[in-house]
Amino acid sequence: NSAAHLSTPPTEASAAAILTLTRFPNRTLKSDTFQLNTTNDYDFRIDAVKKYLMQKNRYKKVTMSTDEMRGEISERRNWLEPRLRKIVRSLLKATDGEAAAKIRVLDILGEKRKNEYGALSLKDIFDPNIAEIYFEDLRKIINKEWPTFKNVFGPDQERFNMNMKTVNSYRVDAHAQDISQEEMSLVRVCLGLLEKQVNAYLD
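Numbering of residues starts from 1 in every chain and runs along the sequence as written. In keeping with the predicted nature of the model, local features appear solely for residues at pLDDT of at least 70, side-chain atom pairs appear and are counted solely at 80 or more, and the whole-chain, interface and lining totals rest on all residues. Hydrogens and waters are ignored; side-chain quantities use all the structure's heavy atoms.

Novice: Quick question: what am I supposed to make of the packing of aromatic side chains here?
Specialist: The geometry of an aromatic ring pair is captured by the separation of the ring centres together with the interplanar angle, meaning the angle of the planes. Stacked, tilted and edge-to-face are the three classes assigned to paired rings of Phe, Tyr and Trp, where Trp is represented by its six-membered ring and a pair needs centres within 6.5 Å; plane angles under 30 degrees give stacked, over 60 edge-to-face, the rest tilted. Within this structure, the stated rule accounts for two aromatic pairs. With centroids separated by 5.6 Å and ring planes inclined at 40°, the aromatic side chains of Trp146 and Phe160 adopt a geometry described as tilted. Here Trp146, found in helix H8 (residues 146-153), pairs with Phe160, found in helix H9 (residues 157-169); they are 14 residues apart in sequence, far enough to count as distant. Across the pair, exposure class does not vary: Trp146 and Phe160 are buried alike. One aromatic cluster is present, formed by Trp146, Phe153 and Phe160 through successive ring pairs. Put simply, DSSP marks the helices as runs of H or I at least four residues long and the strands as runs of E at least two long, and each gets a number from the N terminus on. For every residue, the accessible area (1.4 Å probe, protein chains only) is compared with the maximum for its type, and the residue is labelled buried under 20%, exposed over 50%, or partly exposed between those bounds.

Right under this line is the structure:
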């Protein structure tokens with residue numbers, strides 16, 4: 001038996017083509033990212049489609065425990081935060097230069113951290129292994145320097161702040177109260193918008 005082979009993980013287009021192939025097994029399908037070959041007697045590899053669908057729907061589960069909801073929030077926030085750090089540091093440096101950007105950031109962090117991190121480079125200040133900059137700090141920096149960041153997160157500054165505050169308020173260490181399904185739905189919307197904006201900029 002021959003099998004269908006993928007040279008790369010399936011995208012939405014390739015997954016659709018694979019599903020087409022299950023209905024028309026005599027075809028040879030090609031795209032710029034993958035090639036599928038099969039014969040009448042074929043042993044079809046469906047794992048790629050399953051993985052694609054699982055990835056696509058991974059954040060759409062409806063009935064979840066509080067631990068599951070906090071786990072999803074933590075996973076997505078852990079993806080988002082380092083990318084926000086990268087965007088904030090690079091845009092401030094590009095706009096203001098290293099020295100001025102560092103002053104702006106330290107002013108927002110407060111006196112204690114300003115004194116502690118004064119000798120660090122801008123890069124080190126944004127390194128979580130060296131300095132402490134929190135998710136809320138990133139929101140404050142972006143909010144204060146909105147003209148620098150509005151092309152990434154704009155045009156609605158209030159919506160950006162709401163998205164960031166909502167995500168931060170349901171962080172894993174804020175475990176005093178449960179999360180309702182309605183609250184989880186709101187967090188997902190906020191995370192989804194931020195993820196979309198970050199991806200669009202970094203791509």
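Read on for the rest.
Novice: Looking at this structure, I do not really get unusual backbone geometry. What am I missing?
Specialist: A negative phi angle characterises most non-glycine residues, just as the trans form characterises most peptide bonds. With omega at 5°, the peptide bond leading from Gly154 into Pro155 counts as cis. Here Pro155 is to be found in the loop between H8 and H9.

Novice: Is there a simple way to think about the environment of Asn168 in this case?
Specialist: If you trace the backbone, Asn168 turns up in helix H9. Note on Asn168: relative accessible area 14%, which makes it buried. Apart from residues lying up to four places away in sequence, Asn168 is in contact with Arg77, Phe135 and Glu136. Any pair of residues with heavy atoms lying within 4.5 Å of one another is described as a contacting pair.

Novice: Explain the side chain of Arg139 to me, please; I cannot follow it from the model alone.
Specialist: When you line up the elements, Arg139 lands in helix H7 (residues 135-144). Under the rule applied, a polar contact is a pair of N or O atoms within 3.5 Å (in protein, one hydrogen donor and one hydrogen acceptor; residues adjacent in sequence only if both atoms are side-chain atoms). Here Glu136 takes part through its side chain, which lies 2.7 Å from a polar atom of the side chain of Arg139. In contact with Arg139, other than residues within four places in its own chain, are Phe160, Asn161, Met164 and Lys165.

Novice: Explain the packing of H9 against helix H10 (residues 181-202) here, please?
Specialist: Two quantities define a packed helix pair, namely the angle between the helix axes and the distance between the axes. Axis geometry follows a simple rule: fit a line to the C-alpha atoms, using only the stretch in contact for helices, then measure angles between N-to-C directions, giving values from 0 to 180 degrees. Running from N to C, H9 and H10 cross one another at 120°; their axes reach a closest spacing of 9 Å. As far as their axial angle goes, H10 and H9 are oblique. The crossing of H9 and H10 is left-handed. Residues Arg159, Phe160, Met162, Asn163, Met164, Thr166 and Val167 of H9 touch H10, and the partners they reach there are Leu186, Val187, Val189, Cys190, Leu191, Leu193 and Leu194. The classification used treats Ala, Val, Leu, Ile, Met, Phe, Trp, Tyr, Cys and Pro as nonpolar, Asp, Glu, Lys and Arg as charged, and all other residues, Gly among them, as polar. When its residues are assigned to classes, the contact of H9 with H10 shows 11 nonpolar, two polar and one charged. Oblique is the label for every angle not falling under 35 degrees (roughly parallel), over 145 degrees (roughly antiparallel), or within 65 to 115 degrees (roughly perpendicular). In this scheme the handedness of a crossing depends on how the near helix is turned from the far one: anticlockwise by less than a right angle means left-handed, clockwise means right-handed.

Novice: Before we go on, may I ask you to explain the packing of H7 against H8 in this structure?
Specialist: Remark: H7 packs on H8, axes separated minimally by 6 Å, with the N-to-C direction vectors making an angle of 105°. As summarised for this structure, H7 and H8 are arranged roughly perpendicular, according to the angle between their axes. Of the residues in H8, those in contact with Ile141, Ile142, Asn143 and Lys144 of H7 are Trp146, Phe149 and Phe153. By residue class, the composition of the contact of H7 with H8 is five nonpolar, one polar and one charged.

Novice: Could you clarify how one ought to interpret the pattern of salt bridges in this entry?
Specialist: Between side chains of opposite charge, a pair can form as their charged atoms come close. Every case where a carboxyl oxygen of Asp or Glu lies within 4 Å of a side-chain nitrogen of Lys or Arg is listed as a salt bridge. Under the defined criterion, the tally for this structure stands at 12 salt bridges. Of the charged contacts, one joins Glu81 and Arg85 as a salt bridge, the two residues approaching to 3.5 Å between their closest N and O atoms. With Glu81 and Arg85 both in helix H3 (residues 66-96), this residue pair falls four residues apart, about one helical turn. Judged on exposure class, the residue Glu81 and its partner Arg85 are both buried.

Novice: What's the story with the nonpolar core in this structure? I'm lost.
Specialist: In this text, buried Ala, Val, Leu, Ile, Met, Phe, Trp, Tyr and Cys residues form a nonpolar core when linked through side-chain atoms within 4.5 Å. Leu84, Val88, Val105, Ile125, Phe126, Phe149 and Phe153 are the most contacted members of the largest nonpolar core, which has 39 residues in total. Among the secondary structure elements, those contributing two or more residues to this core are H3, helix H4 (98-109), helix H6 (122-125), H7, H8, H9 and H10. The dominant element in this core, judged by the number of residues it contributes, is H3, at eight residues. Apart from residues lying up to four places away in sequence, Phe149 is in contact with Ile87, Val88, Leu91, Leu92, Ile141, Ile142 and Gly154.

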